[in-house]
Amino acid sequence: MAVLCKNCSGKLIFNPALQLLECKACGGSFRPEDIRDINAEAHSKYYDTRVYVCGHCGAEVITNDTEASTLCVYCGNPAIVFSRIAKQRRPDGLIPFKITKEQALDRIKNKLFTPLTPKEVKEKATFSNLRGIYVPYWVLNADFTEADYITGEISVGRTTIKKHYSRAGSIRFNNVPIDGSKILNDNISMRLEPFNLDEAKEFDEDYLNGFYSNISDTSYEELKGSAANRCHKIYSDHMLKSIPARNAKIDDSVYWIDIHDDPVYMMMPVWFFSFRYQDKPYTVLVNGQTGEVVGTIPWEKKQVYKIAGGIFAAVMVTGLALYSGISFSHAGINGMLNNSASALTIFGLAAFPMGLIGIQNVLKKLSLAQSEEMFKFVKKRQG
Amino acid sequence: MYGIPMPIVIVFAIFFWSLVSAGISLFITSLILKKYINAEETHCSIYEYSTEDINYSRKLDQVLDTEKQDLMFEYGNDPYEGKKHSIPEQLLKNGEEL
Ligand SMILES: [Zn+2]
Ligand SMILES: [Zn+2]
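J.: Mind showing me how you'd approach the overall build of chain B here?
T.: A tally of helices and strands in chain B yields three helices and one strand. Ordered by position from the N terminus, the helices and strands of chain B form the series α-β-α-α. Per-residue burial over chain B gives 30% buried out of 98 residues. Carbon and sulfur atoms provide 60% of the accessible area of chain B, an area that totals close to 6600 Å².

The structure is reproduced here in structure tokens:
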């Protein structure tokens with residue numbers, strides 16, 4: 001439960017900039033290690049937590065803060081209610097928050113805010129929409145074996161031929177962090193890596209003061225599946241570099257993992273910036289240790305149409321001018337105009353599919369920020 | 001002009017040019033958006049999690065189509081099958097709740 005100040009019994013909050021617990025009331029500060037003595041349950045296997053649940057999406061979050069924020073970090077709805085006090089298994093370790101709220105907000109603004117960012121989203125980038133969550137991870141060592149059948153392209157003279165390659169190998173992985181909560185999708189939690197485990201501390205719940213946390217709710221089988229997929233990604237990204245061909249792709253693969261004894265249960269610090277835009281929930285994550293920003297921010301559509309429309313009009317006018325130039329001008333400049341018109345035509349026709357593919361890729365990346373892509377909601381969202 | 005009525009030529013030219021303009025506009029817009037998307041890719045290399053390189057047991061270039069079957073036959077069984085490990089209580093408990 002919440003630890004109180006030795007001097008005045010005020011509430012203590014962990015300050016990432018100082019790496020100390022601070023009392024807002026009297027200004028006193030303490031090292032989490034020193035406070036442990038006061039906490040009667042420090043060395044027991046379990047610790048008490050206050051579990052809050054979102055009535056809208058079903059997400060659970062833990063906080064010692066009795067004035068828990070009313071907005072759900074996952075779906076952005078004001079439906080958070082206190083659910084119960086529960087004993088939780090004490091994690092083995094934790095990486096304390098190092099990036100402050102101010103730094104996290106600055107990082108988001110610097111990395112993601114562009115002239116296309118809607119004003120409403122910019123206005124939502126406030127401290128109250130940014131929440132620090134300790135996300136449960138399992139850090140594991142594993143032996144990994146993979147076999148791949150790969151297709152790639154090579155050039156023979158001027159023609160391109162498809163060739164096949166086979167690779168099989170094994171490797172030992174150390175300290176791979178695997179997200180242990182079902183709600184955060186693995187392809188998102190993966191992007192928060194790497195975490196620097198050298199800065200890990202023995203678990204002490206005093207670090208949780210002022211932050212939220214989640215409990216690991218995955219089973220061993222689920223963890224094994226996530227770990228196999230994560231190792232497959234690390235392995236295959238590296239393996240594909242050994243293929244002497246262009247556009248090397250895995251055609252078929254099979255992989256196996258053996259997780260060593262006792263994965264380590266750890267809490268990793270993550271800042272969540274959650275907001276709603278045009279009635280959709282969005283979330284941007286910031287690694288609370290390294291400051292790595294994960295996610296994107298939607299664009300002001302009007303602004304995008306303006307740009308596209310402007311370019312369209314400019315090319316249209318140029319083209320019509322060139323065409324009318326060809327029809328009405330003298331033979332001398334005719335050739336030159338003709339050439340530029342043809343060049344523009346060829347470029348325009350080639351640009352069409354490239355533009356479509358480009359827009360498609362961009363939209364795919366954009367959807368990463370949508371909370372539906374980031375989180376596996378327990379409850380189906382209604383309306 | 002080659003016996004095709006002028007208005008048709010003009011209508012066709014305008015239609016054709018709007019197509020070309022749309023292509024160019026689409027392309028340039030996609031480049032601008034790409035610049036603004038800023039989605040960071042994970043930059044975790046294999047060396048973040050391993051002190052060694054992959055130990056290859058098969059490394060064949062330009063193989064025949066039958067290789068795929070051979071490969072899957074040879075590596076299709078779990079080499080770690082039957083290995084027993086101690087599993088943290090929390091993970092076991094989560095499994096029971098399902
Ligand atoms: Zn105090
Ligand atoms: Zn919710």
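J.: What am I meant to see in the coordination of the zinc ion (ligand 2) here?
T.: Reference geometry at the metal: tetrahedral coordination by four donors gives ideal angles of 109.5 degrees; octahedral coordination by six donors gives 90 or 180 degrees. Residue and element names in this part refer to chain A. The protein atoms that coordinate the zinc ion (ligand 2) are Cys54 (SG), Cys57 (SG), Cys72 (SG) and Cys75 (SG), at distances spanning 2.3 Å. Every donor counted, the four donor atoms about the zinc ion (ligand 2) form angles of 108 to 112° at the centre, which fits tetrahedral coordination. In primary-sequence terms, the residues that donate to the zinc ion (ligand 2) follow C-x2-C-x14-C-x2-C.

J.: Quick question: what am I supposed to make of the packing of aromatic side chains here?
T.: The geometry of two aromatic rings is summed up by the distance between their centres and the angle between their planes. Residues and elements named next belong to chain A. By the definition in use, this model includes 17 aromatic pairs over all chains. Relative to phenylalanine 203, the ring of tyrosine 47 lies with its centre 5.2 Å away and its plane at 50°, an arrangement referred to as tilted. Pair noted here: tyrosine 47 is in strand 4 (residues 46-54) and phenylalanine 203 is in the loop between strand 10 (201-202) and strand 11 (212-213), with a separation of 156 residues, a long-range link. Assigned by exposure class, tyrosine 47 and phenylalanine 203 land together as buried. Cation over ring: arginine 50 sits above phenylalanine 82, and NZ or CZ is 4.4 Å from the ring centre.

J.: Just to check I follow, could you spell out the interface of chain B and chain A for this structure?
T.: A common way to state how big an interface is: give the accessible area lost once the parts meet. Counting residues at the interface gives 72 residues for chain B and 94 residues for chain A. In total, chain B and chain A occlude about 7600 Å² of area from one another, counting both sides; carbon and sulfur atoms represent 66% of this. Between chain B and chain A we count four salt bridges in total. One salt bridge connects B:Lys83 with A:Asp258, and the closest N-O pair in it is separated by 3.9 Å. Applying the counting rule to chain B against chain A returns 29 residue pairs in polar contact (both at pLDDT 80 or more). Of all the secondary structure elements, the ones that give two or more residues to the side of chain B that touches chain A are helix 1 (6-37), strand 1 (55-60), helix 2 (67-75) and helix 3 (89-97) of chain B. Broken down by element, the side of chain B that touches chain A gets its largest block of residues, 22 residues, from helix 1 of chain B. Of the residues assigned to the side of chain B that touches chain A, the class counts are 34 nonpolar, 22 polar and 16 charged. Direction of pairing for strand 9 (residues 159-179) of chain A relative to strand 1 of chain B: antiparallel, over a ladder of five bridges.

J.: Honestly, the sheet that holds strand 3 (residues 29-30) of chain A in this entry has me stumped. Any pointers?
T.: Strand pairing in a sheet takes place through backbone hydrogen bonds and is either antiparallel or parallel in direction. Residues and elements named next belong to chain A. The strand order 1-2-3 describes an open sheet built from three strands, whose pairing is antiparallel. Two strands bound the open sheet, and with one partner strand each, they are strand 1 (12-15) and strand 3. Pairing geometry for strand 2 (residues 20-23) and strand 3, over two bridges, is antiparallel. The residue bridging leucine 21 from the neighbouring strand is phenylalanine 30, located in strand 3.

J.: Would you take a moment to explain helix 2 (residues 101-112) of chain A for this structure?
T.: Along an α-helix, a turn takes 3.6 residues, which lines up residues three or four apart on a common side. The end-to-end C-alpha distance of helix 2 of chain A, which contains twelve residues, comes to 16 Å, matching closely the 16 Å that a straight helix rising 1.5 Å per residue would cover. Within helix 2 of chain A, burial applies to A:Ala104, A:Leu105, A:Ile108 and A:Leu112. Mapping the buried residues of helix 2 of chain A onto a view down its axis gives an arc of 100°, with all of them on the same face. At its buried positions, helix 2 of chain A is contacted by strand 8 (130-156), strand 13 (264-277), strand 14 (280-287) and strand 15 (293-294) of chain A together with helix 1 of chain B.

J.: It is not clear to me how the coordination of the zinc ion (ligand 1) should be interpreted in this structure. Could you clarify?
T.: Residues and elements named next belong to chain A. Taken together, the protein ligands of the zinc ion (ligand 1) are Cys5 (SG), Cys8 (SG), Cys23 (SG) and Cys26 (SG), with distances of 2.3 Å. Taken together, the four donor atoms surrounding the zinc ion (ligand 1) define angles of 100 to 115° at the centre, an arrangement classified as tetrahedral. Mapping the donors of the zinc ion (ligand 1) onto the primary sequence yields the spacing C-x2-C-x14-C-x2-C. Placement of cysteine 5 in the segment before strand 1 and of cysteine 26 in the loop between strand 2 and strand 3 is noted, with a sequence separation of 21 residues between them.

J.: Whenever I open this one, a nonpolar patch on the surface confuses me. Can you help?
T.: On the surface, A:Leu320, B:Met6, B:Ile10 and B:Ile14 cluster together to form a nonpolar patch covering roughly 310 Å² of accessible area. A per-element tally of the nonpolar patch places helix 1 of chain B first, with three residues. By the element assignment, B:Ile14 lies in helix 1. B:Ile14 gets classed as partly exposed once you look at its relative accessible area, which sits at 39%.

Calculation criteria
Residues numbered from 1 in each chain as written. Chains lettered and ligands numbered in written order. Predicted model: local features only at pLDDT ≥ 70, side-chain atom pairs only at ≥ 80, totals over all residues. Heavy atoms only, no water. Helix = DSSP H or I, 4+ residues; strand = E, 2+ residues; numbered from the N terminus. Buried < 20%, exposed > 50% of the residue type's maximum accessible area, 1.4 Å probe, protein only. Areas by Shrake-Rupley, 256 points an atom, 1.4 Å probe, with all protein chains shown as cover. Donors = N, O, S within 2.8 Å, 3.2 Å for Na, K, Ca; no water. Tetrahedral: all angles 85-135°; square planar, octahedral: opposite > 155°, others 65-115°. Phe/Tyr/Trp six-rings, centres within 6.5 Å; stacked < 30°, edge-to-face > 60°. Lys NZ or Arg CZ within 6 Å of the ring centre and 35° of its normal. Contact = heavy atoms within 4.5 Å. Buried area = accessible area lost by both parts, 1.4 Å probe. Salt bridge = Lys/Arg side-chain N within 4 Å of Asp/Glu carboxyl O. Polar contact = N/O pair within 3.5 Å; in protein donor to acceptor, adjacent residues only side chain to side chain. Nonpolar A, V, L, I, M, F, W, Y, C, P; charged D, E, K, R; others polar. Pairing = 2+ DSSP bridges. Expected span 1.5 Å × (residues − 1). Arc of directions from axis to C-beta. Patch = residues over 30% accessible without salt bridge, like charges linked within 9 Å, V, L, I, M, F, W, Y side chains within 5 Å.

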